Amino acid sequence: MQLKIFSDQKYLLDAEGVKPHEMLRPFWSGKTENPQYPWFNHCDEYIETAQLLFNLVSLEEADLAVMPDDWKTVTGEVWYSSKNQAAEKLYMQFIQLVQQAQKPLVVFFSGDCASDNVPFEDTYVFRTADFQSKRKPKSFVYPQFCEDLVKFYLKDQLNIRQKSVKPTVGFCGLIKENTWQTRLKTILYYLHRFYRRKPIDYAPIQGHVLRGRAAKMISESTLVEDNFIIHNNMVFLGKNDFDNMYTSRVNFVDNIVSSDYVLCCRGAGNYSIRLFETLCCGRIPIFINTDCVLPFDFAIDWKKYCIWIEEHELPNISEKVAEFHAQITPQEFIDLQYECRKLWKEWLSCEGFFSKFYLHFNFPGNP
């Protein structure tokens, strides 16, 4: 189904680092910034098919309007700045234009703060993170898009593992221990949110502590084998040394594909990018549910693709993994790897997500 959408570049903040949202990039720029580095290529296939999925039209003709940029530009990570203020003024003008035309509005809101509100009603808000217990009507989650890890790092060959006697659990990333420093950072976060009159939620660093708890329980168990590479800080995001970033990415992907299952637990935000990267590589996630909302939860039975662990079940994580592994047959284990890869490709890649974007809306003729 092709949607008719409206947006306007004149409402895009003219500032360094501000770009159109991925959904609109094919219509306004469509260029990959650094094509030699794979993570900049995560939208390439979508760019090639976007014209078939969306028709950019006038506001009067449109099924819905799309804010040209991410609402995170307004909220930012700083309490106040001229950039945030300028963005809010510009984007509110766009919102008023759309509301006057009485058209549905789509706003994308990435980042870790799941409880910050978009200050207008009757809007479709797509977040990367949300809390199921606090979810609002017309609020959805979209995946953190990643490059096709199989294509770029595995020579486009999906490496399928055979079932072993004992399951191997992988994880490569940042964890924190529950020390006085992490507790102090948690308190400072709560004070900061209170000062800004923002909702008080799970402190970001506590997500990394939770990862540490899960990793410790697995590494101490005799029921599973661990394949862990632990870091004390982020080794990929926020860096500008692209060659070292590439090496880190290769090691990260190698850790996933050399494991049967991969630990996927929230970090600073209430979502796991690793969940989508794991599925991309055709591996089975061990998903720690911390009141999360997942993409297409109205259409995808997520528990078919994961070992699903509620946060309160964390002390039994190794037993649950071992039980799942014992009950699955060798052929089912192989089939599930293919199904995980297919799920990412058809639903959670950039092109997959936007090919099914229409499912979020109740338009005439929408199946």
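For the structure, check the block above.
One structure accompanies this document, and this report is about it.

## Side note on the packing of aromatic side chains
On inspection of all chains with the given rule, the structure shows 37 aromatic pairs. Ring centres of tyrosine 261 and phenylalanine 324 lie 6.0 Å apart, and the angle between their planes is 85 degrees; this geometry places the pair in the edge-to-face category. Placement of the pair is tyrosine 261 in strand E9 (residues 261-264) and phenylalanine 324 in helix H10 (residues 317-327), with a sequence separation of 63 residues. Judged by its relative accessible area of 0%, tyrosine 261 falls in the buried class. Take phenylalanine 324: its relative accessible area is 24%, and that puts it in the partly exposed class. Here the guanidinium or amino end of lysine 138 rests over the ring plane of tyrosine 124, the centre of that ring lying 4.9 Å away. Positioned above the aromatic ring of tryptophan 347 is the side chain of lysine 356, whose terminal nitrogen or guanidinium carbon lies 4.9 Å from the ring centre.

## Notes on the pairing of strand E10 (residues 284-289)
Among the six residues in E10, six count as buried, and that is most of the element. Both faces of E10 are covered, namely the face carrying Ile284, Ile286 and Ile288 and the face carrying Pro285, Phe287 and Asn289. In this sheet, E10 lies alongside E9 in parallel orientation, the contact comprising four bridges. Across the sheet, residue leucine 263 finds its bridge partner in E10, namely isoleucine 286.

## Looking at unusual backbone geometry
The backbone phi angle of glutamine 102 is positive, close to 55 degrees, even though this residue is not glycine. Relative to the elements of secondary structure, glutamine 102 occurs in the loop between helix H4 (82-100) and strand E4 (105-109). Phi is positive for aspartate 156, close to 60 degrees, though the residue is something other than glycine. Here aspartate 156 shows up in the loop between helix H5 (149-153) and strand E7 (168-174).

## As for the sheet that holds strand E8 (residues 225-231)
In a beta sheet, neighbouring strands pair by backbone hydrogen bonds and run either parallel or antiparallel. Across the sheet, which stays open at both edges, the five strands sit in the order E8-E7-E9-E10-E11 with parallel pairing between neighbours. One side of each edge strand has no neighbouring strand; the edge strands of this open sheet are E8 and strand E11 (307-310). Looking at each pair of strands side by side, their axes are set apart by 20 degrees on average, direction ignored. Sheet contacts for helix H9 (residues 273-280): E7, E9 and E10; angle to E9, the most-contacted strand, approximately 165 degrees.

## Here's the deal with empty space enclosed by the protein
Taken as a whole, this structure holds two cavities of 30 Å³ or more when the rule is applied. By volume, the second largest cavity is sized at about 30 Å³. In terms of lining, the second largest cavity is formed by Val141, Tyr271, Ser272, Leu275, Phe276, Phe287, Val293, Leu294 and Pro295. For the lining of the second largest cavity, the per-class residue count stands at eight nonpolar, one polar and no charged.

## Details of the sheet that holds strand E5 (residues 124-127)
Strand order in the open sheet formed by six strands is E2-E1-E3-E4-E5-E6, with parallel pairing between adjacent strands. Both edges of this open sheet fall to strand E2 (54-56) and strand E6 (139-141), since each of them pairs with a single strand only. Adjacent strand axes in the sheet meet at a mean angle of 35 degrees, parallel and antiparallel pairs treated alike. Two strands pair when backbone bridges link them, and E4 and E5 are joined in this way by four bridges, in the parallel orientation. Along E5, the bridge assignment pairs phenylalanine 108 with phenylalanine 126. Here helix H2 (residues 44-53) sits on the sheet and contacts strand E1 (3-6) and E2; the angle it forms with E2, its principal contact strand, is near 75 degrees.

## Quick word on the pattern of salt bridges
Considering all chains together, one arrives at twelve salt bridges under this definition. Glutamate 225 is the partner of lysine 166 in a salt bridge, and the nearest nitrogen-oxygen pair spans 3.7 Å. Of this pair, lysine 166 sits in the loop between H5 and E7 while glutamate 225 sits in strand E8, and the two are 59 residues apart along the sequence. Residue classification places lysine 166 among the partly exposed residues on the basis of a relative accessible area of 31%. According to the relative accessible area criterion, glutamate 225 is partly exposed, its value standing at 40%. Ionic contacts of the salt-bridge type, sharing partners, join the residues Glu45, Asp148, Arg341, Lys345 and Glu351 into one network.

## Structural notes on the packing of helix H8 (residues 242-257) against H9
Axis angle and axis distance: for two packed helices, these are the angle between their axes and the distance between the axes, and together they describe the pair. Orientation of H8 relative to H9, taken along the N-to-C sense of each, is 70 degrees, at an axis distance of 10 Å. Looking at the two axes, H8 sits roughly perpendicular to H9. For the element pair H8 and H9, the recorded crossing hand is right-handed. Taking contact as the criterion, the partners of Arg249, Phe252 and Ile256 in H8 are, on H9, Arg274, Glu277 and Thr278. Taken together, the residues of the contact of H8 with H9 break down into two nonpolar, one polar and three charged.

The rules behind these values
- Residues numbered from 1 in each chain as written.
- Predicted model: local features only at pLDDT ≥ 70, side-chain atom pairs only at ≥ 80, totals over all residues.
- Heavy atoms only, no water.
- Phe/Tyr/Trp six-rings, centres within 6.5 Å; stacked < 30°, edge-to-face > 60°.
- Helix = DSSP H or I, 4+ residues; strand = E, 2+ residues; numbered from the N terminus.
- Buried < 20%, exposed > 50% of the residue type's maximum accessible area, 1.4 Å probe, protein only.
- Lys NZ or Arg CZ within 6 Å of the ring centre and 35° of its normal.
- Pairing = 2+ DSSP bridges.
- Axes fitted to C-alpha atoms, helices over the stretch in contact; angles between N-to-C directions.
- Contact = heavy atoms within 4.5 Å.
- 1 Å grid on protein atoms, 1.4 Å probe; cavity = no way out; pocket = protein on both sides within 12 Å on 5 of 7 lines; lining within 4 Å.
- Points joined across faces, edges and corners; volume = space filled by probe spheres on them.
- Nonpolar A, V, L, I, M, F, W, Y, C, P; charged D, E, K, R; others polar.
- Salt bridge = Lys/Arg side-chain N within 4 Å of Asp/Glu carboxyl O.
- Parallel < 35°, antiparallel > 145°, perpendicular 65-115°, else oblique.
- Left-handed = near helix turned anticlockwise from the far one by under 90°.

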